[in-house]
Amino acid sequence: MSEKLGLGIDLGTTNLLVYLEKKGIIFNEPSVIAFDRESGQIVAAGTDAHQMLGKVHGKISVIKPLKDGVISDMRAAKELLSYVIGKVENLTEKDLSKTASVICCPSEVTKIERDVMVDLGMSMGISEVFIEEEIKAGALGANVDIFKSKGVMIVDIGGGTTDVGVISYGDIVLSRTIRMAGNYIDKELTKLVKQKDRVEIGELTSEKCKMELADLRTNGNLITNRYAGRDIVRGVPKWVDISSEDVKQVITPAMEEIVKLITAVLKDTPPELSADIYQNGILLTGGGALIRGIDTFISDRIKVPVNAVSNPLTCVAEGTKYLLKNKGNYLVNPLKL
Ligand SMILES: Nc1ncnc2c1ncn2[C@@H]1O[C@H](COP(=O)(O)OP(=O)(O)OP(=O)(O)O)[C@@H](O)[C@H]1O
Ligand SMILES: [Mg+2]
């Protein structure tokens, strides 16, 4: 690439990762920002703002700028990115005018949603903005040479979206996205606990419970942990015991939907590429790849080998390193630049 400094941005529904050329990943925290409602000033960003979710008084507003993989609050997204980049690397708008950036997005976004991402980069002063699909970046970040002729299938289960795509000769041949992923599971878990135990748990608690207990293995240990919530009848704080079986009950139907999506994409995949996928197996990326037993759960149903990558939460940001090298030129293999 040119002398411009490269900036890779994985602006996910749950996590924001920023990669800076020559430095590596400079930020990896939740995509959350908190403002003082009166002055409009930023009170916290990333992990600090995430901790405030559901806990602050009326003077502070805590915002997640993305919904279902796309920007839903432009001002908050821009403030979050500018704050993070300025704070972590002291990069000013003038510095940003000398950068080229790749922003990653789900594969099935509308032209308008892509344009919003370009506007975001431009409004920050970045001179060149490229939008790339996160499954492509994720594959590169997992060290898969997508520029070989061999077909590769990537399944990215994030916070807001699940993205299934087939890549060959460096670009996406076909893909499908559904807006069902980690956040959906958290909401379903909250519903289940409310119905079963008449206790309402908060968003942070529900996600923590899922991360601690998610296990799809048939021979996984039954674990029960205690979480704090609010009795929905009496309105007072109450402990509730949630088991790995409860979490499995919620995750299973969501994963069955994801299996249906994978099957639909496989059905539309040309036979030569299908044969490659059958040989190479399917790669899982995104936070959902950390669910214990998810690989076997999927492979048992579709009879194709499935492997979770070793860096599911960072591979998209790590992959921007290669995309920054060839900036939209799909005929050049950036792994060889
Ligand atoms: N150990 C774990 N077990 C289960 N789920 C997990 C685990 N660790 C993280 N997650 C979930 O993974 C999701 C975050 O993954 P990721 O960072 O890939 O999403 P994202 O890129 O922000 O979202 P998207 O790509 O949909 O915009 C969250 O829902 C989180 O709860
Ligand atoms: Mg993601």
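Not measured: the values here are computed from a predicted model. (Residues numbered from 1 in each chain as written. Chains lettered and ligands numbered in written order. Predicted model: local features only at pLDDT ≥ 70, side-chain atom pairs only at ≥ 80, totals over all residues. Heavy atoms only, no water.)

Overview of the sheet that holds strand S5 (residues 42-45)
Pairing is antiparallel across the open sheet formed by 3 strands, whose spatial order is S5-S4-S6. In the strand order of this sheet, the two ends are held by S5 and strand S6 (60-63), each with one partner. Across the sheet, the mean angle from the axis of one strand to that of its neighbour is 15°, orientation sign disregarded. Pairing analysis gives 4 bridges linking strand S4 (residues 33-36) to S6, with the strands arranged antiparallel. Paired with Phe-35 across the two strands is Ser-61, which belongs to S6. Its contacts with the sheet put helix H2 (residues 74-89) on S4, S5 and S6, and the angle it makes with S4 is roughly 105°. (Pairing = 2+ DSSP bridges. Helix = DSSP H or I, 4+ residues; strand = E, 2+ residues; numbered from the N terminus. Axes fitted to C-alpha atoms, helices over the stretch in contact; angles between N-to-C directions. Contact = heavy atoms within 4.5 Å.)

What about the domain arrangement of the protein chain?
When cut into domains, the protein chain gives domain 1 (5-138 + 315-336), domain 2 (144-180 + 252-308) and domain 3 (182-249). Domain 1 and domain 2 are separated by 25 Å when their C-alpha centres are compared. If you look at the interface, domain 1 gives 22 residues, while domain 2 gives 22 residues. Across the domain 1 to domain 2 interface the summed buried area is about 1700 Å²; carbon plus sulfur atoms make up 57%. (Domains from an automatic or database assignment. Buried area = accessible area lost by both parts, 1.4 Å probe.)

Here's the deal with helix H6 (residues 182-197)
The terminal C-alpha atoms of H6, which comprises 16 residues, lie 22 Å apart, in line with the 22 Å expected from a rise of 1.5 Å per residue. What H6 keeps buried is the set Gly-182, Ile-185, Asp-186, Leu-189, Thr-190, Leu-192 and Val-193. Viewed along the axis of H6, the buried residues span an arc of 165°, placing them on a single side of the element. When the buried face of H6 is taken as reference, the exposed residues oriented beyond 90 degrees from it are Lys-187 and Gln-195. Here the buried face of H6 lies against strand S14 (199-200), helix H7 (203-213), strand S16 (237-243) and helix H8 (244-268). Within two residues after H6, Arg-198 carries a phi angle of roughly 55°, on the positive side. (Expected span 1.5 Å × (residues − 1). Buried < 20%, exposed > 50% of the residue type's maximum accessible area, 1.4 Å probe, protein only. Arc of directions from axis to C-beta.)

What to know about the site of ligand 1
Around ligand 1, a shell composed of 21 residues is seen, among which Thr-13, Thr-14, Asn-15, Glu-207 and Lys-210 lie nearest. One nitrogen or oxygen atom from the main chain of Thr-161 is found 2.9 Å from an oxygen atom belonging to ligand 1. When ligand 1 sits alone it has 660 Å² of accessible area, and the protein chains cover 93% of it. For the shell around ligand 1, the secondary-structure elements that each account for two or more residues are H6 and H7. Sort the elements by how many residues they give to the shell around ligand 1 and H7 lands first, with 3 residues. (Near = heavy atom within 4 Å. Polar contact = N/O pair within 3.5 Å; in protein donor to acceptor, adjacent residues only side chain to side chain. Areas by Shrake-Rupley, 256 points an atom, 1.4 Å probe, with all protein chains shown as cover.)

Here we look at the environment of Tyr-83
Mapping Tyr-83 onto the fold places it in helix H2. The exposure class of Tyr-83 is partly exposed, given its relative accessible area of 28%. It is 27 Å that separates the C-alpha atoms of Tyr-83 and Thr-110, two residues lying 27 residues apart in sequence. When near neighbours in sequence (up to four residues on either side) are disregarded, Tyr-83 contacts Ile-42 and Ala-45.

Thoughts on the sheet that holds strand S2 (residues 15-20)
Taken together, the 5 strands give an open sheet; going across it, the order is S3-S2-S1-S9-S10, and neighbouring strands pair in mixed fashion. Where the open sheet ends on each side, the last strands, each with one partner, are strand S3 (24-30) and strand S10 (128-133). Strand-to-strand twist of the sheet, defined as the mean angle between neighbouring strand axes without regard to direction, takes the value 15°. Here 6 bridges tie strand S9 (residues 99-105) to S10, and the two strands are oriented parallel to one another. Paired with Ala-100 across the bridge in S10 is Glu-128. Contacts from helix H4 (residues 111-123) reach strand S1 (5-11), S9 and S10 within the one sheet, and its direction differs from that of S10 by about 145°.

Let's talk about the pattern of salt bridges
Per the stated rule, a full pass over the model turns up 25 salt bridges. A salt bridge links Lys-4 to Glu-128; its shortest N-O distance comes to 3.2 Å. With Lys-4 in the segment before S1 and Glu-128 in strand S10, this pair connects stretches of sequence that are 124 residues apart. Given a relative accessible area of 25%, Lys-4 falls into the partly exposed group. Its relative accessible area of 24% is what places Glu-128 among the partly exposed residues. Lys-23 is the salt-bridge partner of Glu-89, the closest N and O atoms lying 3.1 Å from each other. In this pair, Glu-89 is assigned in helix H2 and Lys-23 in the loop between S2 and S3, connecting sequence segments 66 residues apart. The exposure class of Glu-89 is buried, given its relative accessible area of 19%. With relative accessibility at 55%, the residue Lys-23 sits in the exposed group. Each of Arg-114, Glu-132, Glu-133, Lys-136 and Asp-171 takes part in a single network of salt bridges with overlapping partners. (Salt bridge = Lys/Arg side-chain N within 4 Å of Asp/Glu carboxyl O.)

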